[in-house]
Amino acid sequence: MSAAFRPVAVSLAAAGVLAAVAVASLMVGQVMLSPGEVLTGLGSIGSGSMESRIVVDLRLPRVLAAILGGAALGLAGLMMQTLFQNPLADAWSLGLMAGGQLGAALVIVAGAVVGPGFLMILTGFAGLGVVAGSALGMLAVALAMSAMARRVGAVTLLVLGLMLGFLAQGLISVLLHFTNRSQGRIFAAWNDATFANVTWSDFAALAPLLGLGLIGCVILAKPLTALLLGDVYAESLGVNVPRFRRLVLGATILLAAPVTAFCGPVAFVGLIVPHLARGLAGSARIGVLIPATALIGAALTLSADLVVHLPWEQHFLHLNAILALIGAPLVILLLLRARSLRGGES
Amino acid sequence: MFAIDNLQIGYGRRVLSTLSQVTVERGEFICLLGRNGQGKSTLLRTFAGFIRPVAGEVRLDGRPVREWPAAERARKVAVVLTDRPQVGALRVWELVEMGRQPYTGWTGALSAEDRAIAAEALAQVEGEHLRDRFVDSLSDGERQRVMIARALAQQPQVMLLDEITAFLDLPSRVTITSTLRKVAHETGVSIILSSHDLELSLNAADRIWLLPGEGRFIDGAPEDVALSGAIGEAFDQSNLVFSLSSGRFETRASPRGVAFVDAAGPAGLWLGRALERLGYRLAESAPQADFVIKRLHEGYEWNGLFHPTIGSLARALTQR
Amino acid sequence: MQRRSFLLASAASALAGCGDDARQTASVDEGGGVPIPLRHARYLRLERHEGFVVARLRAPVADQSGGQAQEQTAVLVLAPKDGPAPVLVGRLQDATVIRTPVTRIAANASSDEAFLGQLGVKERLAAVGGRVSYDDDVRRGVMEGRIGQIGYNWHAPPNLDVLLAVRPDVFLMRLSDLAHTPVLDRARRLGLTVAPTFAEDEPTYLGRAEWIRLHGLLTGREAEADRLFEQIEARVTALKGAASQRPPVPMVWAYPAGGDRWVVTVRGAEQAYLADAGGRNLLLRPEDARKWSSETLATEQMLPVVDQAQVWIVGDLHAAPPRGAGVERASPAFRTGRLFANTGRSNPAANAYDWYQTAFVRPDWVLADFVKALHPDLVSEPFRFLKPVAQGAYK
């Protein structure tokens, strides 16, 4: 197969896998549905029948959220890895999601200060307060990391991100100490990442934001490719590097923050999907990797979500646990093989 | 092209060097020489517009180089640096085609003409056979050639190369230097190459820029610069001296004696070099020397003894 | 340490009062005493002996996966303070001696606070689980430092240093899991009198409430305890009788727990409330004493029954409100507004919830609430623990 066709083939294969997993996700659950029943359900929207309620009200939004979320996080990871020249960068590993967690916790705690009425607003307006809080938190950390990235090496930046994660966890634990139990429940429920919380009305906010982020990613594909060679070469090829950095961070936030806000902090996806895409497609050019990354990210995330929602008897699995089972070994493999990360370079 | 009028390069307030009137014309192959820390990289980066001069301006086609919009400047100036970016999974043709970015639209899609230019650039560095390889899998010499091809694909007026031969073996260094010279003369691109390879540069360059220290800047043809003694001034050390007669560095030491070489052609030349290495001065004629070494049909004769190789002769001389 | 000193003291007194009291030092084995009949409690046995009472406590501790955990057992010997000290021999050698009536009590379970409160002896509390008592007096006492804090209710092992400082006559310790048993042993080795309590583990709600008789024996309020329990039992019987005359009301007790999960009451004592109040639990599961009374179910598992639920207990302290009431909407309970939460007696500002305190002690009040929710005309007194909630509210 020619090198030019391989990325296309990979994208097509990923799309195929995605479609198959999507169909399976609509069929499988505590209540098993046959394909015919799924179609009936899809066809009878609003009829109130069992099939339509399960398929349309419960499973379809979850599946769509997993697809969009996985694609968005994969693309965000791709952009961050290129921007930071760091194969282990992504919204989760560099602590952006920790910033989002802290932002969400602060909003919830603010409810304790402002009063129970605030809490009603929090839960009433589709959790918009939590959404905004986590987005701002992510932005703050993204800016901090961007400033640090010039001064420290790849692995050090990663450790900084992980430390930020621990710091956020500690702060949150203390913060929640001062709230009452119900606020703690709200935070805990958000923090346990899941796509099952997303309702149809959430897509009104989710879809445009992710769409903008995707457009940004596509427009920035050419300078991102130049950045593969480093800041200096990119500048010599005509890229206005400082402005470009801001744009990439903006696009990354547009992709990662809404997913984190609506679905909680999802780990590993942005980290490993770009590597899978690069390895399978055999190319590093960003323009070529965008469809592959998005489709592989969606397929991976939806598969993990499917595992969570298999009809287990009594146990409820956590999405991040499944993603960790897949992701952590891959990261270990990466660390052992990548020359740039070996030997404790700093 | 480049025009400099009282340029001071450096960092912050620290001036590394001052250049008065300098211009760079089409198709010139210029080698930039100087010891470490004298400002070669700083000079190149100032020319490229990456860093600000301490005083004065570098004018590129009439405008200060930093005032050109990045995209337009990219069509005039291309750089090749020593660092090796981590470009996992990037193929050689993809890397070279990146050089066309200043000319392509926002999608980065290449036209047929763009592809032809990139292919031509790769051909100029004799790298067509590397086309489908991964950049990571190339040897150092091949990688530098490919990076030069990328810079050529940019179709610049000037190429600035910063010590690209630093990690290469001798054949690669020679190949690349001669390639650059050929490219400069055939395509009209001006090439400024900073190098530690003194002898290679003196042989290949049209012009030498020398940073001897103390903020000075010497500009001239290699032979002029050599004859002016500037090279010796810049590089001579207590134990090492640039010899104008041989055009290379020689160890400086009190001669152990004077020898006369009775041989012609290459044998005579190399025998002379061996004696100089052993610490002897060469005499013009036999009477001026302490002893004579004569080349015979299969060896060398000294002091009545016959030595089949210069090596055995040298050992004998050392034991003397 | 206590046992040894008792032995010495009683040996000394035996020597001193040589000739009489020989029967007070006799050992007591299983058949020695007269059992005090308990009608509901399964994990408590009381025997009256001459001059003291033996309480035998036994309870399995269910862990969440439904597996059977280690059985906890304890034997208590309750001896009056103004009587001779008992000598523990034979099978009672390892029992814990408690001199009654106790005047300083430490308790880390909020239900024990409620038992004592209902008996009118809450001023004897010297240390409690945390600052979250629903009783304002107790809570204020903790805030002001008059009552010690020995850890956040039963979620964490108790603070031994506070216990030592407070010097209670008895520490009523709720064991939440095996991890706390070493702490119990350690507390005993430090000289504290520890009595584990298993009231909350009883599989029936009357069984739980009947433990008040142990509290009565400990505090010298045996008569009040018996009277109160009979009153509770009578009221429960009356309510059950009245409700059984009506056709059962299909209902669901399930609160949202984030994602697509619901915590649903399916068995056990909580389910018994629903059944006894005349409800038909649409998500009923078979009884299993080893499992907890609620299970986590996916929304999909609830969908088949939702449109039959005429009453829905949808609110709880632990509810994580979903972003829309999509699932409940399909139920008649939602449409007719027959939605309830068990947060009636709660003080969110103080983080205090009486459902976890007095509800264990007054099942008659709880059952009255359930009957009122299902058959409003059968109960005239106002709601206590349950409260009606608006559509889309969960607290």
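Below, the structure is looked at part by part. This structure is a prediction, so every number in the text was calculated from the model and none was measured.

To continue, consider the overall build of chain C. Within chain C, the secondary structure is distributed over 13 helices and 19 strands. Each of the 395 residues in chain C was classed as buried or not, and the buried ones make up 54%. At a minimum sequence separation of 6, the contacts of chain C that also span at least 24 residues come to 62%. Carbon and sulfur atoms form 51% of the exposed surface of chain C, whose accessible area is close to 16600 Å².

This part takes up the pattern of salt bridges. Side-chain pairs of opposite charge can arise where the charged atoms are in close proximity. Residue and element names in this part refer to chain B. A full pass over the atoms with the stated rule returns 42 salt bridges over all chains. The residue Glu-97 makes a salt bridge to Arg-115 at a minimum N-O spacing of 3.3 Å. Pair noted here: Glu-97 is in helix α3 (residues 92-98) and Arg-115 is in helix α4 (residues 112-124), with a separation of 18 residues, a long-range link. The partner of Glu-233 in a salt bridge is Arg-216, and the shortest N-O contact between them spans 2.8 Å. A residue pair is termed long-range when its members are at least 10 positions apart, and Glu-233 in helix α9 (residues 230-235) and Arg-216 in the loop between β9 (207-211) and β10 (218-220) qualify at 17 residues. Arg-216 sits in the partly exposed class, given a relative accessible area of 34%.

Here a ring pair, both rings aromatic, is described through the centre-centre distance and the interplanar angle of the planes. Within the structure shown, the criterion is met by 13 aromatic pairs over all chains. Plain terms: the ring middles of Trp-209 of chain B and Phe-217 of chain B are 5.4 Å apart, the flat faces sit at 65 degrees to each other, and that makes the pair edge-to-face. For the pair formed by Trp-209 of chain B and Phe-217 of chain B, the shared burial category is buried. Considering the side-chain rings of Trp-253 of chain C and Trp-355 of chain C, the 6.0 Å spacing of their centres and the 80 degrees angle between planes classify their relative orientation as edge-to-face. Pair noted here: Trp-253 of chain C is in strand β11 (residues 249-256) and Trp-355 of chain C is in the loop between β18 (352-353) and α12 (358-361), with a separation of 102 residues, a long-range link. With a relative accessible area of 4%, Trp-253 of chain C lands in the buried category. Aromatic ring contacts, followed pair by pair, group Tyr-205, Trp-253, Tyr-273, Trp-355, Phe-370 and Phe-385 of chain C into a single cluster.

Further remarks concern the interface of chain B and chain A. Contact with chain B, which involves 35 residues of that partner, is made by 23 residues of chain A. For the pair chain B and chain A, the summed buried surface comes to about 2400 Å²; carbon and sulfur atoms form 60% of the total. By the criterion of area lost to chain A, the three top residues of chain B are Met-98, Gln-101 and Trp-106 of chain B, representing 23% of everything that side buries. Joining chain B to chain A, the criterion identifies two salt bridges. Between Arg-73 of chain B and Glu-235 of chain A there is a salt bridge, with its nearest N and O atoms 3.7 Å apart. Taken together, the connections running from chain B to chain A amount to seven residue pairs in polar contact (both at pLDDT 80 or more). Among the secondary structure elements, those contributing two or more residues to the side of chain B that touches chain A are α2 (70-74), β6 (77-80), α3 and α5 (140-153) of chain B. Of the residues contributing to the side of chain B that touches chain A, the split by class is 19 nonpolar, nine polar and seven charged.

On the surface, a nonpolar cluster with roughly 480 Å² of combined accessible area is contributed by Leu-214, Ile-215, Val-218 and Ile-219 of chain A together with Trp-106 of chain B. Along the chain, Trp-106 of chain B turns up in the loop between α3 and α4. When its relative accessible area of 54% is taken as the criterion, Trp-106 of chain B is described as exposed.

Residues and elements named next belong to chain B. The strand order β14-β13-β15-β16-β17 describes an open sheet built from five strands, whose pairing is mixed. Each end of this open sheet is capped by a strand with a single partner; those strands are β14 (280-282) and β17 (305-307). Each neighbouring strand pair of the sheet contributes to a mean axis angle of 30 degrees, computed without reference to strand direction. Strand direction decides the pairing type here: strand β13 (residues 257-262) and strand β15 (residues 291-295), joined by four bridges, are parallel. Along β15, the bridge assignment pairs Phe-260 with Val-292. Lying on the sheet, helix α11 (residues 310-319) is in contact with β14, β15, β16 (300-302) and β17; it crosses β16 at an angle near 15 degrees.

The interface of chain C with chain A comprises 28 residues on the first partner and 32 residues on the second. Of the roughly 2600 Å² buried at the junction of chain C and chain A (both faces included), carbon and sulfur atoms supply 54%. Contact with chain A buries surface across chain C, with Arg-261, Glu-300 and Arg-323 of chain C losing the most and accounting together for 31% of the total. At the surface where chain C touches chain A, the tally comes to two salt bridges. Where Arg-59 of chain A meets Glu-300 of chain C, a salt bridge forms, and the shortest distance between an N and an O atom there is 2.7 Å. Summed over the shared surface of chain C and chain A, the number is three residue pairs in polar contact (both at pLDDT 80 or more). Counting only elements with at least two residues in the side of chain C that touches chain A, the list comes to β14 (294-298) and α10 (299-306) of chain C.

The next thing to look at is the nonpolar core. General note: in soluble globular proteins, nonpolar side chains tend to be found buried as a group. Counting 206 residues, the largest nonpolar core has Phe-47, Ile-148, Met-159, Leu-180 and Trp-209 of chain B together with Trp-312 of chain C as its most contacted members. Among the elements that take part in this core, helix α3 (residues 50-83) of chain A stands out by supplying 17 residues, more than any other. Beyond its immediate sequence surroundings of up to four residues, Phe-47 of chain B is in contact with Phe-2, Ile-4, Leu-7, Leu-19, Val-58, Val-65, Leu-160, Ile-192 and Trp-209 of chain B. One finds Leu-206, Leu-217, Leu-228 and Leu-367 of chain C within the second-largest nonpolar core, a separate group that totals 85 residues.

Residues and elements named next belong to chain C. Of all the eight residues making up β11, eight are buried; the element is thus mostly covered by neighbouring parts of the structure. By the alternation rule, side chains of β11 split into Val-249, Met-251, Trp-253 and Tyr-255 and Pro-250, Val-252, Ala-254 and Pro-256, which are all buried. Across three bridges, the pairing between β11 and strand β13 (residues 279-281) is parallel. By the bridge assignment, Val-249 is partnered in β13 with Gly-279. Bridging between β11 and strand β15 (residues 311-315) involves three bridges; their strand directions are parallel.

So, on to the arrangement of the chains. Sorting the two pairs of chains in contact by contact count puts chains A and B at the top. Between chain B and chain C there is no contact; the minimum C-alpha to C-alpha separation amounts to 40 Å.

Thresholds applied
Residues numbered from 1 in each chain as written. Chains lettered and ligands numbered in written order. Predicted model: local features only at pLDDT ≥ 70, side-chain atom pairs only at ≥ 80, totals over all residues. Heavy atoms only, no water. Helix = DSSP H or I, 4+ residues; strand = E, 2+ residues; numbered from the N terminus. Buried < 20%, exposed > 50% of the residue type's maximum accessible area, 1.4 Å probe, protein only. Contact = heavy atoms within 4.5 Å. Areas by Shrake-Rupley, 256 points an atom, 1.4 Å probe, with all protein chains shown as cover. Salt bridge = Lys/Arg side-chain N within 4 Å of Asp/Glu carboxyl O. Phe/Tyr/Trp six-rings, centres within 6.5 Å; stacked < 30°, edge-to-face > 60°. Buried area = accessible area lost by both parts, 1.4 Å probe. Polar contact = N/O pair within 3.5 Å; in protein donor to acceptor, adjacent residues only side chain to side chain. Nonpolar A, V, L, I, M, F, W, Y, C, P; charged D, E, K, R; others polar. Patch = residues over 30% accessible without salt bridge, like charges linked within 9 Å, V, L, I, M, F, W, Y side chains within 5 Å. Pairing = 2+ DSSP bridges. Axes fitted to C-alpha atoms, helices over the stretch in contact; angles between N-to-C directions. Core = buried A, V, L, I, M, F, W, Y, C linked by side-chain atoms within 4.5 Å.

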